[in-house]
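Letter by letter, the chains look like this.
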Amino acid sequence: MQADLVLLHPPAFFDFRDREDILFPYLSTSGDVPITPLYEYFPLGFKTLQRYLGERGHSVRIVNLASTMLRYPSLDVTAFLGSIEAKVFGIDLHWMVHVQGALAVAALLSRLHPEIPVLFGGISATYYADELLRYPQVDMVLAGYDTHEPAAILLDELSGERRFARVPNLCWKDPESGEVRANPFDHKPSTFACGIDWSVQPASDPANKLPILEILSTQNAGCAYNCNWCGGSREAFRRVMKRQKAMARKPREEVAWEFGTIRSLAGREKYHFYSVGSYNETPERLSAFLDLVGEAGFRSVSYEQFFLTPEPLLRRMAAANPRTTITLSPESHDLGVAKLAGRGVYTMEELEEWCERALDLGIFQIDVWFFIGMQEQTRESALATVDYCGKLLRRFRGRNVNPLVCPMIPFLDPASTFFEEPEKYGYEVHFRTVEEHRRGMENLSLLDRINYSTRWLSRRNLVVTGYEAVCRLFEQKGEHGALPRGVATNAAAKGRESLEFLLAVDAASRLTDPLARARELASLGPEIRRRNGEIFGGAVSNQAFPIDRRIGGRWFDEIPDIDELQPALAPAAGLVRP
Ligand code: B12
């Protein structure tokens, strides 16, 4: 494999294979994203960088190392990475959850290719640029929410005189002196990104009965709202990106270009389209966007909304696609807790009335998300939210109102207001630095991988309450026909059993007598390995879709061709072409 820039998406934890000393439990990724605890999504910005730089004569390859290792468990990563030729390796540290994997992969690369610089980018990399550059394996960090132009300048310099001081937003280590330099962080355009080419998608196995066919789009970076737990909120954006105006928008012509590529995506009528952050769009922009969504002819569409969507807009959404889902996140049924979470802009009575109207107007489904780990939220309050979900399911039986509840794990976002001023809001932050997060992610027990606790929920209580809430909700969904009874019962039982085991592992990890601890962990080891093997067995299952679905055709499954991997694959692997 050869390219000017090779963008690598690391698994959150490297190397996750065959481990007996770290447990990745079922249901430990929060939410509805179809991923394993490796967090296989890479930033959408990889796709825009590939296009932008490609159009300027720089070749860019994307390798989703997380997906590749899941797809080919016997991959010799050292041999594979060693075979790549590049001018620079780019690694995303967008989501902090990748910190351990990103640094481990960077260390491997710098050992294998000491002459090729390793570049980091993404939201977390921007926030932690100084600290990252203290690691020997990180040569450069390209800061910002839009790095297209700086990356093009960097690639020019890498092929020319290597005058890195000329690259805006670049923090770098002087190769001669080892001194860390921070160029001015002044590339902060009010527009954001370019259109993504969605026309070709990774192939999924034709035998796969439940392929994950989903693409998504963000039309903006930053946020108009200010939820204190969020690392992408208005204030967090200002903190990280050092820009007062906390919103940058994708130019309309780029959005239109993107939809042009979607119209040539074969089988798009089978795809779900996830419109992220549509709550940040102006009415005019959203209106133009809906026209494009309507023309695209997706199987289904979902929009995230902050307020209860007004009726005229609901009508338009329903007209644009017959299977439209609106995603709301009141975070708690308790208005006080919801308000402290930055939401609370409607009561549950208003929500229910609105659901009636939205469904009548032709909206297909409403997802209602609740969160655990919020300010002033006790175990009782979180479980009362689940009781409320039961009420919602009863009222809307047979109609698609789908409550979901999600513990905020493993991390409270760095740069969020709660992270910055924990005491003021009743939070305690257990990992503050990059190194604390990196080491934290190596802990055997999930409880010790969580970077915060609140005055109302300890780390243990957060996990126990989180599992309890998700499992009770599964049971209620079974009872009210929102999920097939067997599926719901199974998922709940599996979740409870998973909690029991993770607590047993946690208890063992806390034994103070070193001998007893070692003995206990040795006896649990094979079971940890077996369970991890199931989690990383090539399928995903989560709260929103608690049935195993094979991976391989997700839009972010950028897995190298088998011929490119062949030298790094053990002959015994008995590989078939994907
Ligand atoms: C869209 C989005 C998603 C989408 C993902 C879309 C995608 N694949 O990019 C979905 C909904 C799937 C998602 C999932 C998650 N998200 Co999210 N997400 C966002 C959101 C709304 C926008 C972020 C964004 O991508 N902006 C666009 C810009 C900034 O990035 P970009 O164009 O992709 O990339 C550019 C730069 O970042 C940079 N760059 C990025 N990587 C690299 C690498 C290199 C080498 C270089 C040079 C440059 C570079 O250059 C790119 C081009 O200009 C933010 C909230 C917000 N308002 O910001 C949260 C946010 C980023 N997500 C967050 C979190 C926590 C998550 C999850 C971990 C949640 C969870 N527990 O499951 C998962 C992770 C999933 C995974 N990795 O597998 C946090 C991150 C906090 C932190 N610092 O860690 C945020 C800030 C807020 C939040 N709490 O939701 N997310």
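Here is what the cut-offs are and how they apply
- Residues numbered from 1 in each chain as written.
- Predicted model: local features only at pLDDT ≥ 70, side-chain atom pairs only at ≥ 80, totals over all residues.
- Heavy atoms only, no water.
- Helix = DSSP H or I, 4+ residues; strand = E, 2+ residues; numbered from the N terminus.
- Rg over C-alpha atoms; globule rule 2.2 N^0.38 Å.
- Buried < 20%, exposed > 50% of the residue type's maximum accessible area, 1.4 Å probe, protein only.
- Contact = heavy atoms within 4.5 Å.
- Areas by Shrake-Rupley, 256 points an atom, 1.4 Å probe, with all protein chains shown as cover.
- Lys, Arg positive; Asp, Glu negative; His and termini not counted.
- Charge placed at Lys NZ, Arg CZ, Asp CG, Glu CD.
- Near = heavy atom within 4 Å.
- Polar contact = N/O pair within 3.5 Å; in protein donor to acceptor, adjacent residues only side chain to side chain.
- Nonpolar A, V, L, I, M, F, W, Y, C, P; charged D, E, K, R; others polar.
- Pairing = 2+ DSSP bridges.
- Axes fitted to C-alpha atoms, helices over the stretch in contact; angles between N-to-C directions.
- Phe/Tyr/Trp six-rings, centres within 6.5 Å; stacked < 30°, edge-to-face > 60°.
- Lys NZ or Arg CZ within 6 Å of the ring centre and 35° of its normal.
- Right-handed = clockwise from strand over helix to strand, strands pointing away.
- Disulfide = S-S within 2.5 Å.
- Salt bridge = Lys/Arg side-chain N within 4 Å of Asp/Glu carboxyl O.

Student: Could you give an account of the overall build of the protein chain, with specific residues and numbers?
Tutor: When you go through the protein chain residue by residue, the secondary structure sums to 21 helices and 19 strands. For 578 residues, the compact-globule formula gives about 25 Å, and the C-alpha radius of gyration of the protein chain, at 23 Å, lands near that figure. Here the protein chain, with 578 residues, has 60% of them falling under the buried criterion. Considering only residue pairs separated by 6 or more positions, the protein chain has 74% of its internal contacts joining residues 24 or more positions apart. When the accessible surface of the protein chain is summed, it comes to about 22,600 Å², and 51% of that surface belongs to carbon and sulfur atoms. Looking at the protein chain, you have 66 positive and 75 negative side-chain charges, and the mean spots of the two groups are 3 Å apart.

Student: Quick rundown of helix α1 (residues 45–55)? Include the residues and the values.
Tutor: Looking only at α1, the buried set comprises F46, K47, T48, L49, R51, Y52 and L53. Those residues of α1 hidden inside the fold are in contact with β1 (2–9), β2 (60–64), β3 (85–92), α7 (148–159) and α9 (252–263). Phi turns positive one or two residues past the end of α1, at G57, with a value near 85°.

Student: Lay out the site of the ligand in plain terms, naming residues and giving numbers.
Tutor: Among the 42 residues in the neighbourhood of the ligand, the closest are listed as L44, G45, M96, T147 and D413. The contact in question runs from an oxygen atom of the ligand to an N or O atom on the backbone of Y39, over 3.4 Å. When residues of the shell around the ligand are traced back to their parent elements, those giving at least two are α1, β3, β4 (118–121), α5 (123–127), β8 (214–218) and β11 (272–276). Take the shell around the ligand: its biggest share by element is three residues, from β3. Here the residues of the shell around the ligand sort into 23 nonpolar, 15 polar and four charged.

Student: Kindly report on the sheet that holds strand β15 (residues 401–407), identifying the contributing residues and their values.
Tutor: Taken in spatial order, the six strands make up an open sheet running β8-β11-β12-β13-β14-β15, and their pairing is parallel. Each edge of the open sheet carries a strand with a single partner, namely β8 and β15. On average, each strand axis in the sheet is tilted by 20° relative to the strand beside it, whichever way the strands run. Two strands pair when backbone bridges link them, and β8 and β11 are joined in this way by five bridges, in the parallel orientation. Within β11, the residue paired with S217 across the bridge is S275.

Student: If you had to explain the side chain of T68 to someone new, which residues and values would you point to?
Tutor: Of note, T68 is situated in helix α2 (residues 65–71). Judged by relative accessible area, which is 0%, T68 ranks as buried. Those residues in contact with T68 that lie beyond four places of it in its chain are V63, L75, E558, I559, P560 and L565.

Student: Kindly report on the packing of aromatic side chains, identifying the contributing residues and their values.
Tutor: As enumerated under the stated definition, the model contains 26 aromatic pairs in all. The interplanar angle of 85° and the centroid separation of 5.4 Å between the aromatic rings of W198 and W555 together place this pair among those described as edge-to-face. Taken as a pair, W198 in the loop between β7 (180–182) and β8 and W555 in the loop between β19 (549–550) and α21 (562–565) lie far apart in primary sequence, 357 residues in all. By relative accessible area, which is 0% here, W198 ends up buried. An angle of 65° between the planes, with centres 5.2 Å apart, marks the rings of F306 and F307 as edge-to-face. The partly exposed category is assigned to F307, whose relative accessible area is 43%. Among the aromatic residues, those joined into a ring-pair cluster are Y41, F42, F46, W198, W555 and F556. A cation over a ring is seen here: R549 above F545, with NZ or CZ 4.0 Å from the ring centre.

Student: Quick rundown of the pairing of strand β14 (residues 365–372)? Include the residues and the values.
Tutor: A large share of β14 lies buried, amounting to eight of its eight residues. The side-chain alternation of β14 yields two buried faces, one formed by Q365, D367, W369 and F371 and the other by I366, V368, F370 and I372. Where strand β13 (residues 324–331) lies against β14, five bridges are found, and the strand directions are parallel. In the sheet register, T327 faces β14, and the bridge partner there is D367. Pairing of β14 with β15, which is carried by seven bridges, proceeds in the parallel orientation. Paired with D367 across the strands is N402, a residue of β15. Regarding topology, helix α14 (residues 379–395) serves as the crossover connection from β14 to the parallel β15, and that connection is right-handed.

Student: Could you give an account of unusual backbone geometry, naming the residues involved and the relevant values?
Tutor: For the bond from F14 to D15, the omega torsion is 5°, close enough to zero to count as cis. Examined against the element boundaries, D15 turns out to sit in the loop between β1 and α1. Geometrically, the link from I409 to P410 is a cis peptide bond, its omega value of 0° lying close to zero. Structurally, P410 is set in the loop between β15 and α15 (417–420). Phi at E331 is positive, roughly 70°, even though this residue is not glycine. Considering the arrangement of structural elements, one finds E331 in strand β13. Taking relative accessible area as the criterion, E331 reaches 4% and is therefore assigned buried.

Student: A description of the environment of I551 should follow, citing residues and the corresponding values.
Tutor: In this fold, I551 is placed in the loop between β19 and α21. Taking C-alpha positions, I551 is 22 Å from I528, a pair spaced 23 residues apart along the chain. Setting aside residues up to four positions removed in sequence, I551 forms contacts with L70, G538, A539, V540 and D557.

Student: Requested: an account of the side chain of D506, with residues and values cited.
Tutor: With respect to the secondary-structure elements, D506 resides in helix α19 (residues 485–509). Side chain to side chain, D506 and S445 meet in a polar contact 2.6 Å long. Those residues in contact with D506, other than ones at most four positions away along the chain, are S445, L447, D448 and R460.

Student: Which residues make up the pairing of β4, and what are the values?
Tutor: Walk down a regular strand and you will see the side chains alternate between the two sheet faces. Across the two faces of β4 the burial is the same, with V118 and F120 and L119 and G121 all buried. Pairing geometry for β3 and β4, over four bridges, is parallel. Within β4, the residue paired with I91 across the bridge is F120. Each parallel crossover has a hand, and the one from β3 via helix α4 (residues 99–112) to β4 is right-handed.

Student: With reference to specific residues and values, describe the state of the cysteines.
Tutor: For the coordinates displayed, the defined rule picks out zero disulfides. Sulfur of C230: no disulfide; nearest cysteine sulfur belongs to C227 and is 6.4 Å away.

Student: Outline the pattern of salt bridges, supporting the account with residue identities and numerical values.
Tutor: If you walk through the whole model with that rule in mind, you get 43 salt bridges. Two residues, R163 and E157, come together in a salt bridge whose shortest N-O distance is 3.0 Å. Owing to a relative accessible area of 33%, R163 belongs among the partly exposed residues under this scheme. On the basis of relative accessibility, which here comes to 5%, the residue E157 falls in the buried class. One salt-bridge network, held together by shared partners, links E352, E353, E356, K391, R395 and R399.

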